[in-house]
Amino acid sequence: MKKKVVGMIMAAAMLAGIMAGCGNNAAENNSTAVNSDNAEGDKVQDQSAEQTGGQDIVVWTQMMDNEAALLQKYADQWAAETGNTVSVISQQTDIQQFSQAANSKGGPDGMFGIPNDQLANYVSANLVEEIPSDLYQDTDFVEAAVQASYINGKKYGYPITVETPFLFYNTERIPQAPQTWEEMIELAKDNGGIMYEATSVYYNLGMLRAFDSYIFKEVDGGFDTTDIGLGNENAVKAYTLVNQLTNEYGFFSSDITYDMAKSSFQNGEAAFYIGGAWDVAGFTEAGTPFGVCDMPTLNGKDFVTPVGTYVGFVSAKSDAKAETFAFYQYLVENALVDLYKEGNRIPATYRAQDSIDNASEATKAQIAQCAKGEPLPTVSEMGLIWQPFSDNMKLMFTGTISPEEAAEYIQKQVQESIAMMQSGQ
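Just so you know, these numbers come straight off a predicted model, no measurement behind them.

Draft legend 1. Just the sheet that holds strand β1 (residues 56-61), in detail. Taking strand neighbours across the sheet as the criterion, the six strands line up as β2-β1-β3-β13-β6-β14 in an open arrangement whose pairing is mixed. Of all strands in the sheet, those with a lone pairing partner are β2 (85-90) and β14 (346-347), marking the two edges. Of the pairings in the sheet, the one linking strand β6 (residues 158-163) to strand β13 (residues 308-314) comprises five bridges and is antiparallel in character. From the neighbouring strand, P159 faces β13, where its bridge partner is V311. Strands β6 and β14 of the sheet are contacted by helix α16 (residues 361-370), whose axis makes an angle of about 120° with β6.

Here it is, written out as structure tokens:
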């Protein structure tokens, strides 16, 4: 699932500049604006409570067909209570397709179930209605999921589910989960090493954060994309440790990939593996002896992992904004536990998490790790990070460049890509 999301990020970033100016002012002027900056936004709860009914609502989702069918079941229940009608459609889409459909008669009123790393691009394209201030309480949700729903200090997403990497360990090689990275490294030296996709910033976020660095600096509920933390002296400390895992400890080869890391652990060769819920079925089917836990601390700090959040948003072009927001609220309050049972997606609300019966160890580990995690920066520029980071990690692993040079080159290449993106080239 993670690999699919990464691909979508890069494609969405390329489309962001194209779609930034595609707002339909006529449609916006003819629809009722609902946002937290005006009195209309405060009426959303009252309007939903009145249940006036009669609206035909179309909601797209990037969740799987079986999950869309479950959402449709709840949609039918809500429709029966309110007098509206709802169609939930499983639709793997991009910004351009959504924009064209949203500006057409019978087009989608919103998306319920889209990775949060795509949200900023839809917002930049003027396709997303701001969340009414009183629609939900941030404190009811996993903190990282709430952070993922804000763009430039404004709330555009409704958190639905969360996911994040956690630690797998071979129970035949390692009897007990380590508490620190330092302990884990010592255990791994004689037991098969630590395997993960070490060329990806996704899995190395915790390294950067443990040494007080970052991707983009977080400021006032948003991110300053001119303040890049991938090339500073603290980032060099992170890269030095990653380089040691390869060239000093020999845990993995310089051409390490996700598939290679997973295969090594699945075959019983590696002691530790950093992966996610998407790996559990494969290990179980292969008979790999494994345990799971949240990530050990590093440098005396929590190891921060990226928390991916599936969010819902309402289209800025919708003529049924209030009703669509009310429908989302109904789903989040009622459907999340069943969604977990259907698709193994961890609910973003604490109440739904607490309502899961007989949660698996992987679910418990993921919930615990989500509490330590944070979203990747919810900005279009995030799509420009992946390739420079990966390319320079590979060069560092082969000894072609040093950690200091890797930091310098990543910083420079990202800055150049952002400048090009912002110039429209």
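Draft legend 2. Inspection of the sheet that holds strand β12 (residues 290-293) at higher detail. Here we have four strands laid out as an open sheet, ordered β8-β11-β7-β12, and mixed in their pairing. Bordering the open sheet on either side are β8 (194-195) and β12, each of which pairs with just one other strand. Bridge count between strand β7 (residues 166-170) and strand β11 (residues 272-275): four bridges; the pairing is antiparallel. By the bridge assignment, L167 is partnered in β11 with I274. Its contacts with the sheet place helix α12 (residues 277-286) against β7, β11 and β12, and it is angled at close to 20° to β7. Of the strands in this sheet, β7 and β12 are in contact with α16, which crosses β12 at around 30°.

Draft legend 3. Broad picture of the confidence of the model for the protein chain. For the protein chain, per-residue confidence averages 89 on the pLDDT scale, and 87% of positions sit at 70 or higher. Confidence drops under pLDDT 50 across residues 3-51; counting only partners more than four residues distant or on other chains, this segment forms 88 contacts.

Draft legend 4. Structural detail: the pattern of salt bridges. Taken as a whole and judged by the stated rule, the model has eight salt bridges. Between R209 and E374 there is a salt bridge whose closest N-O contact spans 3.0 Å. Of this pair, R209 sits in helix α9 (residues 201-210) while E374 sits in the loop between α16 and α17 (386-397), and the two are 165 residues apart along the sequence. A relative accessible area of 28% places R209 in the partly exposed class. One salt bridge in this structure joins K364 and E361, with 3.4 Å as the shortest N-O distance. Remark: E361 and K364 occur in helix α16; sequence separation between them is three residues, near one turn of the helix.

Draft legend 5. Here's a closer look at helix α8 (residues 181-189). Looking at α8, one finds that the buried residues are W181, M184, I185 and A188. Relative to the axis of α8, the buried residues are bounded by an arc of 100° and lie together on one face. Those residues of α8 that are buried lie in contact with β7, β8, α9, α10 (233-248) and β11.

Draft legend 6. View of the side chain of N204. With respect to the helices, strands and loops of the structure, N204 is situated in helix α9. In this structure N204 comes out as buried when scored by relative accessible area, which is 2%. In this structure N204 touches Y196, A198, T199, V242 and F389, once residues within four positions along its chain are discounted.

Draft legend 7. Looking closely at the pairing of β6. With six of six residues buried, β6 lies mostly within the body of the structure. As paired strands, β6 and β14 are joined by two bridges and run antiparallel to one another. The residue bridging V162 from the neighbouring strand is I346, located in β14.

Draft legend 8. Structural context of the nonpolar core. Counting 71 residues, the largest nonpolar core has W181, Y196, M207, I215 and Y239 as the members making the most contacts within it. Those residues in contact with W181 that sit more than four places away from it in its chain are I194, M207, L245, I274, M295, P296, T297, L298 and F303. Residues A75, V142, A326 and V337 belong to the second largest nonpolar core, which totals 44 residues.

Draft legend 9. Representation of unusual backbone geometry. The backbone of N152 shows a phi angle near 55°, a positive value even though the residue is not glycine. Relative to the assigned elements, N152 resides in the loop between β4 (150-151) and β5 (154-155).

Draft legend 10. Spotlight on the environment of K105. By the secondary structure assignment, K105 is in the loop between α5 (95-102) and β3 (110-115). As for K105 and S318, which are separated by 213 residues in sequence, their C-alpha atoms are 10.0 Å apart.

Draft legend 11. Focus on the environment of A198. Note that A198 resides in the loop between β8 and α9. Considering only alpha carbons, one finds A198 and T257, 59 residues apart in sequence, at a separation of 7.5 Å.

Draft legend 12. Seen up close, the packing of aromatic side chains. Summed over the entire model, instances satisfying the criterion amount to 25 aromatic pairs. Pairing F168 with Y273 gives two aromatic rings, centres 5.7 Å apart and planes at 55°, and the pair type is tilted. Of this pair, F168 sits in strand β7 while Y273 sits in strand β11, and the two are 105 residues apart along the sequence. Residue class for Y273 comes out buried when judged on its relative accessible area of 1%. Relative to F252, the ring of Y196 lies with its centre 5.9 Å away and its plane at 85°, an arrangement referred to as edge-to-face. Residue Y196 is found in the loop between β8 and α9, and its partner F252 is found in the loop between α10 and α11 (258-266); the two are separated by 56 residues along the sequence. Note on accessibility: Y196 and F252 belong to one class, buried. Aromatic ring contacts, followed pair by pair, group F166, F168, F265, Y273, F283 and F290 into a single cluster. Here the guanidinium or amino end of K155 rests over the ring plane of Y136, the centre of that ring lying 4.0 Å away. Here the basic side chain of R345 rests over the ring of Y310, its NZ or CZ set 4.5 Å away from the ring centre.

Draft legend 13. Structural detail: the packing of α11 against α12. The N-to-C vectors of α11 and α12 enclose an angle of 40°; their axes lie 10 Å apart at closest approach. By the criterion of interaxial angle, the relationship of α11 to α12 is oblique. Here the hand of the crossing between α11 and α12 comes out right-handed. Every residue of α12 that contacts α11 at Y258, K262, F265 and Q266 is listed here: W278, D279, G282, F283 and A286. Tallied by class, the residues present in the contact of α11 with α12 amount to five nonpolar, two polar and two charged.

The rules behind each value
- Residues numbered from 1 in each chain as written.
- Predicted model: local features only at pLDDT ≥ 70, side-chain atom pairs only at ≥ 80, totals over all residues.
- Heavy atoms only, no water.
- Pairing = 2+ DSSP bridges.
- Helix = DSSP H or I, 4+ residues; strand = E, 2+ residues; numbered from the N terminus.
- Contact = heavy atoms within 4.5 Å.
- Axes fitted to C-alpha atoms, helices over the stretch in contact; angles between N-to-C directions.
- pLDDT = per-residue confidence, 0-100.
- Salt bridge = Lys/Arg side-chain N within 4 Å of Asp/Glu carboxyl O.
- Buried < 20%, exposed > 50% of the residue type's maximum accessible area, 1.4 Å probe, protein only.
- Arc of directions from axis to C-beta.
- Core = buried A, V, L, I, M, F, W, Y, C linked by side-chain atoms within 4.5 Å.
- Phe/Tyr/Trp six-rings, centres within 6.5 Å; stacked < 30°, edge-to-face > 60°.
- Lys NZ or Arg CZ within 6 Å of the ring centre and 35° of its normal.
- Parallel < 35°, antiparallel > 145°, perpendicular 65-115°, else oblique.
- Left-handed = near helix turned anticlockwise from the far one by under 90°.
- Nonpolar A, V, L, I, M, F, W, Y, C, P; charged D, E, K, R; others polar.

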